[in-house]
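A look at the structure
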Amino acid sequence: MNGMKPQKSFAHVPTDGANTAGGSSVFGGQAPSHKKWLTGIKENIWAYVFLAPALLLFGIFFVYPFVYSSYLSFMDWNLYNDAKEFVGLANYQALFGDPVFWKAALNTGLYVIGTVPVSMILALGLAILVEKAGKLKEFYRFLLFIPVVASIAVVGIIWSLLYSPAGGFINQMLALIGIQGPNWLNDPKFALVSLMIIGIWSAVGYNMVLYIAGLKGIDPQLYEAAELDGASGWQQFWKITVPQLSPVSFFVFIISIFNSFQVFSTIHIMTQGGPNNATNVVIYQMYQEAFQFFNIGKASALTFVIFCAVLLLTVVFIRSTQRNVHYE
Amino acid sequence: MADISLQHIYKTYDQSVTAVNDFDLNIHDKEFIVLVGPSGCGKSTTLRMIAGLEDITEGNLIIGDKLMNDVPSKKRNIAMVFQNYALYPHMNVYNNIAFGLKLRKMKKDEIEKKVKRAAHILGIESLLDRKPKELSGGQRQRVALGRAIVREADVFLMDEPLSNLDAKLRVQMRAEISKLHKQLQTTMIYVTHDQIEAMTMADRLVIMKDGVIQQVGTPKEVYNSPKNVFVGGFIGSPPMNFIRGQLAQDTFYFGDQAVVLPNTVRDRLADYQGKEVIMGIRPENMEIEDSSDETPGQAVEVYVEVCELMGAESYLHCHVAENRFIAKVYTQDEVAEGEQLQLRFDMKNVHFFDTQTEECLTLNHTAKEAGKPRKLATV
């Protein structure tokens, strides 16, 4: 459905152009609309040819799944037989009546709030430090980027070992300073925090690279001018660096929210949503409903709810932050 | 307001590349100094050292009576206008100008008063709400100047501030900056590679090449008495012509031509009899020989390759033997390309240079000439 929209608007542009050019003054504004359509397509045939692959992929991987899962959200289906029964809003009722959903939604929210700002601030701090690291710059950059490219399975195993309650590195370190570390992944109070730490650790490298690119784009003379204007290093950071990086920050912010919203692999590998749903999040719940409980209808309803929530959040964030984002 | 003293200043990068070599200069309070030279001559580096944006490798920088080498930029009370203006893109014009004042925790109404005043001086009152990207090059330039004006700094530094403007605007801004200097009564140090800017704006010029000062003086001094071949060739448009030749008694021979030297010049060249020297003569010190004039020995027969019409004047690109040079003549003297004609050299205004050192051998001889009557009067 969405895929059609750009086509329509595309077809309009050249027809208008032809009218203003005076070429179709004979027809004036009275030309039959199907004729306009035809001229539009004829004139833009090559544009459609070049757009076709992208539109095709967009259709197969976005429009079709979206429409199909919306359809499934009104069905009762167990994935294995063909019998789909229309149940109206029953799946949505079941979802909103399910305490696990509300727990997962809360956890997702906490996870997003806990990881996004921290990973952004850390990434910016590290980007600035790495840029000032002189000869070791490349080395640090490489080091901090490893988590981004590391296999999730390996990451899961390493962090499981680090978090191990008895012989794990973290608790051993804490023991050295006289603190008895918790059972990180199995204590409901700490399990989500443990996963947030991994989330931050794996996101920082990527965000840092984006921030480094942003920092390199700032005209160094702005700092010189600010220095002569009497700005301290701290003032330069707040008055030059932060506003100049705002487009990057905005991008990192939106991407980070998407990524945090979709956290799945680490949970799947390390906690399976436990203990007692302490680390269950919406995407993991969706997976459980679909592929463990074979409750495709409810999983689809959840998908649709997540889609709407992310869309709403994005619109709200874009609207509310645009004023503070400075594009040159 | 302050004197600035640069004492034997050096700037070396990576212990091997010397960008500024023994820069020694006293700049007086309220003076308009222009550092001029080709790109890479160290003029911008010198300016940045004064601003504190670049460390001084060796030597002392004294502003007022304070040694400034290790004083951070923000404490030097210096304002600077950058080549690409360096306006803060995310702030509107008002905030760009007010930035330095806000950082100094000045009262709001006082800031407003100062910003408005600067905007009035520069004629940008209507632009205060705009962002830099919405301004033209000339307007940005004014905002950059405004940012410097409100600071009421001791010293004003400008790093090629006009080079991004088109030719017409450049001429206009040149005059405005000169006016601004008179209005503000501040010491200004201005860097440019454009010798016309340098000549028209400076109280004193500092001509640099390869990190070394070639000559310091008023525009008139450096124009009339260039210390070496470089200065003669750099200042003036078209540049001074250089003609290699042989000296014998009171005559300078080049190709199959010869000119007779005036006494003041001949005395100074006593050590160069029979040797090769370089004669420097400005394009305007040649004129087409009037056949009715009969003073012998000064006219040179040249071949005109190209004649460029500039308006009231024309540039004749001539050559004699291997020497090519440009003569500036009145357009009304009609000259055809490919013509052979007689050019009269004004020998009172020629300079001679050593072929090895390229130093001027007849420095100030024109000035001495002018000083002569005074001497006679005292006798």
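Residues numbered from 1 in each chain as written. Chains lettered and ligands numbered in written order. Predicted model: local features only at pLDDT ≥ 70, side-chain atom pairs only at ≥ 80, totals over all residues. Heavy atoms only, no water.

Some remarks on the sheet that holds strand β18 (residues 323–330) of chain B
All names here are of chain B. What counts here: Between any two strands, pairing holds if DSSP finds at least two bridges. Under the scheme used here, helices are H or I runs from DSSP no shorter than 4 residues and strands are E runs no shorter than 2 residues, and both carry numbers assigned from the N terminus. All axes are obtained by fitting lines to C-alpha atoms, using only the stretch in contact for helices, and the reported angles, taken between N-to-C directions, cover 0 to 180 degrees.
Taken in spatial order, the 5 strands line up as β15-β19-β16-β17-β18 in an open sheet, and their pairing is antiparallel. Among the strands making up the open sheet, the edge pair consists of β15 (286–288) and β18. Averaged over all adjacent pairs, the angle separating strand axes in this sheet is 50°, with direction ignored. Both strand β16 (residues 299–309) and strand β19 (residues 340–345) contribute to a ladder of 5 bridges, which runs antiparallel. The residue of β19 that forms the bridge with V300 is L343.

Remarks on unusual backbone geometry
To keep it simple, the criterion reads: Relative accessibility under 20% of the residue-type maximum defines a buried residue, over 50% an exposed one, and the middle range a partly exposed one, all with a 1.4 Å probe and only protein chains included.
Here S237 of chain B and P238 of chain B are connected by a cis peptide whose omega angle stands at -5°. Examined against the element boundaries, P238 of chain B turns out to sit in the loop between α8 (229–234) and β11 (241–248). Non-glycine residue N277 of chain A carries a positive phi angle of around 60°. A positive phi angle, near 50°, is found at E152 of chain B, a position not held by glycine. Structurally, the position occupied by E152 of chain B is in the loop between α4 (137–150) and β7 (155–159). On the basis of relative accessible area, E152 of chain B is assigned to the partly exposed category, the value being 44%.

Overview of the nonpolar core
Short version of the rule: To qualify as a nonpolar core, a set must consist of buried Ala, Val, Leu, Ile, Met, Phe, Trp, Tyr and Cys residues joined through side-chain atoms within 4.5 Å.
The biggest cluster of nonpolar side chains holds 72 residues, and the ones touching the most others in it are Y211 of chain A together with L6, F23, L61, L157 and I189 of chain B. Broken down by element, the residue count for this core peaks at 9 residues, all from helix α5 (residues 99–131) of chain A. Counting 48 residues, the second largest nonpolar core, distinct from the first, contains V81, V143, F156 and L180 of chain B.

Notes on a nonpolar patch on the surface
What counts is decided by this rule: Nonpolar side chains (Val, Leu, Ile, Met, Phe, Trp, Tyr) within 5 Å and like charges within 9 Å form the patches, drawn only from residues with over 30% relative accessible area and no salt bridge. What sets the accessible areas is the Shrake-Rupley method with a 1.4 Å probe; for residues, cover comes only from the shown protein chains. For this document, the term salt bridge refers to a Lys or Arg side-chain nitrogen within 4 Å of an Asp or Glu carboxyl oxygen.
Together, W37, I41, I45, W46, V49 and F50 of chain A line one region of the surface with nonpolar side chains, adding up to about 650 Å² of accessible area. Contributing elements (two or more residues each) for the nonpolar patch: α2 (33–43) and α3 (45–72) of chain A.

Comments concerning the UniProt feature "domain: ABC transmembrane type-1" (unreviewed entry) in chain A
Quick note on the threshold: UniProt positions are given in the numbering used here, feature names are shortened, and annotations may be inferred rather than shown by experiment.
The sites that UniProt annotates as "domain: ABC transmembrane type-1" (unreviewed entry) are residues 105–317 of chain A. The straight-line gap between the two end C-alpha atoms of residues 105–317 of chain A is 19 Å; of that span, 78% is helix and 0% is strand.

Comments concerning the confidence of the model for chain A
Definition in use: pLDDT measures how confident the predictor is about each residue, on a scale from 0 to 100. Two residues form a contact once any of their heavy atoms are found within 4.5 Å.
For chain A, per-residue confidence averages 83 on the pLDDT scale, and residues scoring 70 or more make up 89% of the total. Note on residues 1–29 of chain A: pLDDT under 50 across the span, and 25 contacts to partners over four residues away in sequence or across chains.

A word on the domain arrangement of chain A
Residue and element names in this part refer to chain A. Condition: Boundaries of every domain are those given by an automatic assignment or by a domain database. Buried area: the sum, over both parts, of the accessible surface (1.4 Å probe) that disappears when the two are put together.
Each domain of chain A was delimited in the assignment, giving domain 1 (4–72) and domain 2 (94–324). Listed by partner, the interface residues are 5 residues for domain 1 and 5 residues for domain 2. For the pair domain 1 and domain 2, the summed buried area comes to about 410 Å², and 77% of that belongs to carbon and sulfur atoms. Of all residues in domain 1, F66, S69 and L72 give up the largest surface area on contact with domain 2, accounting jointly for 79% of the area buried on that side. Where domain 1 touches domain 2, the interface holds 0 salt bridges.

A few points about the pattern of salt bridges
All names here are of chain B. Taken as a whole and assessed by the stated rule, the structure comprises 17 salt bridges over all chains. One salt bridge connects K114 with E152, and the closest N-O pair in it is separated by 3.1 Å. Linking K114 in helix α3 (residues 108–122) with E152 in the loop between α4 and β7, this pair joins segments that are 38 residues apart in sequence. Residue K114 is classed as buried on the basis of its relative accessible area of 18%.

Concerning the domain arrangement of chain B
Residue and element names in this part refer to chain B. Here is the rule we go by: Polarity classes work like this: nonpolar for Ala, Val, Leu, Ile, Met, Phe, Trp, Tyr, Cys and Pro, charged for Asp, Glu, Lys and Arg, and polar for all others, with Gly in that last group.
Split into domains, chain B comes out as domain 1 (4–230) and domain 2 (239–378). Measuring from the centre of the C-alpha atoms in domain 1 to the corresponding centre in domain 2 gives 38 Å. Contacts between the two partners involve 8 residues from domain 1 and, on the opposite side, 13 residues from domain 2. When the buried surface of domain 1 facing domain 2 is broken down by residue, Y223, P226 and V229 rank first, second and third, together holding 56% of it. The interface formed by domain 1 and domain 2 contains 0 salt bridges. Looking at the side of domain 1 that touches domain 2 element by element, the count peaks at 3 residues for helix α7 (residues 219–224). Partitioned by chemical class, the residues of the side of domain 1 that touches domain 2 number 4 nonpolar, 3 polar and 1 charged.

A few points about the packing of helix α2 (residues 93–103) of chain B against α3 of chain B
All names here are of chain B. Just so we agree on the cut-off: Throughout this description, any angle smaller than 35 degrees is read as roughly parallel, any larger than 145 degrees as roughly antiparallel, any in the 65 to 115 degree range as roughly perpendicular, and the remainder as oblique. When the near helix sits turned anticlockwise from the far one by under a right angle, the crossing is termed left-handed; a clockwise turn instead gives a right-handed crossing.
In contact at an axis separation of 10 Å, α2 and α3 are set at 130° when each is read in the N-to-C sense. Considered as vectors, α2 and α3 are oriented oblique to each other. Of the two elements, α2 crosses α3, and the hand of that crossing is right-handed. For the pair α2 and α3, the contacting residues are Y94, I97, A98, L101 and K102 in the first and I111, E112, K114 and V115 in the second. The residue inventory of the contact of α2 with α3, partitioned by class, reads 6 nonpolar, no polar and 3 charged.

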